[in-house]
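Descriptive structure summary
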Amino acid sequence: MKGETISLSIRFSALCLLFVLPAPALGQEAAYDVLIRGGLVVDGSGETGIKADVAISAGRIVAVGKLTDATAAKVVDITDLVICPGFIDLHSHADRGILKSRSAENYVRQGVTTLVCGNCGSSPTDIEAFFTELKSGCGVNVTMLIGHGSVRQQVIGRLNVPPSAEQLEEMKRIVRRTMRAGAVGISTSLRYGPGAYADTDEIVELAREVAPFQGFYATHMRDEGTRMLEALEEALLVGQQASIPVHVSHHKISSASVFGLTRLSLDRITKARADGVDVTLDQYPYGAGSGGVSLYVPQASLSGGLEAFKRRIADPEKKDAILASVEELLVRKIYEAGQNPSNSDHTAIALSRIQLARAAHDEELEGKTLPEILRARGQAVTLSNGAELLVELVTHGVRGINHTLDDRPGGDVDRVMQFPLTSVASDGSVFEFGRGHPHPRSYGCYPRVLGRYVRERKLLSLEQAIHKMTELPARRLKWSDRGLIKVGHWADLTILDPRIIADKATFADPHQHSVGVKHVMIQGQFVLKDGRMTGELPGQPVGLGKEQ
Ligand SMILES: [Zn+2]
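Counting restarts for each chain, with residues numbered from 1 along the sequence as it is written. Predicted model: local features are reported for residues with pLDDT of at least 70 only, side-chain atom pairs are reported and counted for 80 or more only, and whole-chain, interface and lining totals are derived from all residues.

A strand pair is defined by DSSP finding two or more bridges across the two strands. Put simply, DSSP marks the helices as runs of H or I at least four residues long and the strands as runs of E at least two long, and each gets a number from the N terminus on. Reading across the sheet, the 6 strands line up as 9-10-11-12-13-17 and stay open at both edges, with parallel pairing between neighbours. Every other strand in the sheet has two partners, leaving strand 9 (146-147) and strand 17 (422-424) as the edge strands with one partner each.

Written out as structure tokens, the structure reads:
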């Protein structure tokens, strides 16, 4: 089936509905390629699981039920385990990582079988070449959003200016071309540059190019703090004006003063749905986000890229202005947490919420918090030293982990998770094992939901959680042949032990694989068997790739 998945997958599924083989007579050769016996089938729809066997041939699910007399080339007994569709991660940043580490082991061991790359405005702009390269195989299927920020950067550079008419046409042309090549929609990050330099009209113009391909608009909204509701209105407006579905990425509140604001945003989304707007969202299950530490400096100071930023801070007057605004932001964060910026303990708490994830210039710093770095340098933990350090880290393109979300019981993380339209999504990437200090979500996102939020806290049922990992994201992608255990669907399957599934990766020690996923199958081939990576790479680029 290699290579055919992009264009044929949807039409082919209709044919496969008829493709149910009868049980073979004695002495006949094996009827199915693989028969998975005795598991609890949690089919992805959210319905209660049932005990059933699942038969697979030619990469597809061909029968589900009591197949007592059936034979197969391979029979796998999974008594006491759960079989469900492979997880579809709507929010991955693995565009580069997957090319280096094809097996995507950190995702496979979570039960993920499809990654949607190109989120938060960042993607390759030559999606044809990306897909062509991936056709030689991966441990997961991969699909792609075209990143607005990357398109903008290619045409305009990292400049805080609007596009000229010609530049806008060129950006539209790139978006059209990538949609034709198989992208499933367009993504933005309006919080940080170069996406932050775009106004709403520019986004609408580009999003319109996605409509004929039935793509969707995924957005890291312009604000996830005090102005989040305005940002949500902007996202809904883009969808309305471009006539495409809207998907809010990693929905969260990162300002302590407005913890609880998700009550209003989820109400607003419910109302929009009632008015006929196709809007959905996703979330990772942690109390911290991750991104460039450049989030802490004014985005205008980054216009022109890092070299331009370095030139600005070489000018003492400009540097003072940048430092002042970083300090102001830190002070605001302290007030928002109900604390006092003139209290040195409170300052230390605020600065310790910033931990370094990737610091290519000095790997010793990875995993450390700002106060730890300052103390190691013999500096006092003050606001001005913190601001100075942040500006220095920005010049090195450092990524941070920000411990600023409310994951206490009943807080925003719980509330967003329980909302019926929220898919689970990692916001992570494929990493070389042991390299850097990434946010643990890349290793633990899905098992964390199933272990901590389902088994321990009982916030969701197993069926609800699996629905958020399978059919719900498949619907967002308008895929009708993945995301369910159903005859005709591709056999992307995850077999797990709900009694032990758990994330192991922590903020202190992130490079730890999750436990509890026993087998994973992509298009009928095992990539994980009995807890071991098989080395097979059946994963392919998948997408829409056609005008409707
Ligand atoms: Zn983002």
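On to the pairing of strand 1 (residues 32-41). In the sheet, strand 1 pairs with strand 4 (residues 72-77) via 5 bridges, with the strands oriented parallel. Paired with Leu35 across the two strands is Val75, which belongs to strand 4. Judged from the 6 bridges that link them, strand 1 and strand 2 (residues 50-57) form a sheet pairing that is antiparallel. Opposite Val41, over in strand 2, you have Ile50 as the bridge partner. When strand 1 meets strand 5 (residues 82-85), the two strands line up parallel, connected through 2 bridges. Paired with Leu40 across the strands is Val82, a residue of strand 5.

Counting residues in hydrophobic clusters, the biggest one holds 145 residues, and the most contacted among them are Ile83 and Tyr217. The biggest single contributor to this core is helix 14 (residues 383-395), with 7 residues. For each domain, the first and last residues come from an automatic or database assignment. Counting the residues that make up this core, at least three belong to each of domain 1 (87-289 + 406-481) and domain 2 (293-402). Once C-beta atoms are placed from the backbone, any two residues with those atoms within 7 Å are in contact. Not counting residues up to four positions away in its chain, the partners in contact with Tyr217 are Gly185, Ile186, Ala207, Val210, Val238, Gly239, Ala242, Ile244, Pro245, Val246 and His247. By our criterion, buried Ala, Val, Leu, Ile, Met, Phe, Trp, Tyr and Cys residues that link up through C-beta atoms within 7 Å make up a nonpolar core. Between the buried cut of 20 or more and the exposed cut of 12 or fewer other C-beta atoms within 10 Å of a residue's own C-beta lies the partly exposed class, and all C-beta atoms are placed from the backbone.

Our next topic: helix 9 (residues 262-274). Along its 13 residues, helix 9 runs 18 Å from first to last C-alpha, staying within 8% of the 18 Å computed at 1.5 Å per residue. For helix 9, the set of buried residues is Thr262, Ser265, Leu266 and Ile269. Taken around the axis of helix 9, the buried residues stretch over an arc of 95°, which confines them to a single face. Structural note: helix 9 exposes Arg263, Asp267, Lys271 and Ala274 on the side pointing more than 90 degrees away from its buried face. Against helix 8 (228-242), strand 13 (279-283) and helix 15 (412-418) lie the buried residues of helix 9. To estimate the expected span of a helix, subtract one from its residue number and multiply by 1.5 Å. Directions are taken from the helix axis to each C-beta atom, and the arc is the one they span.

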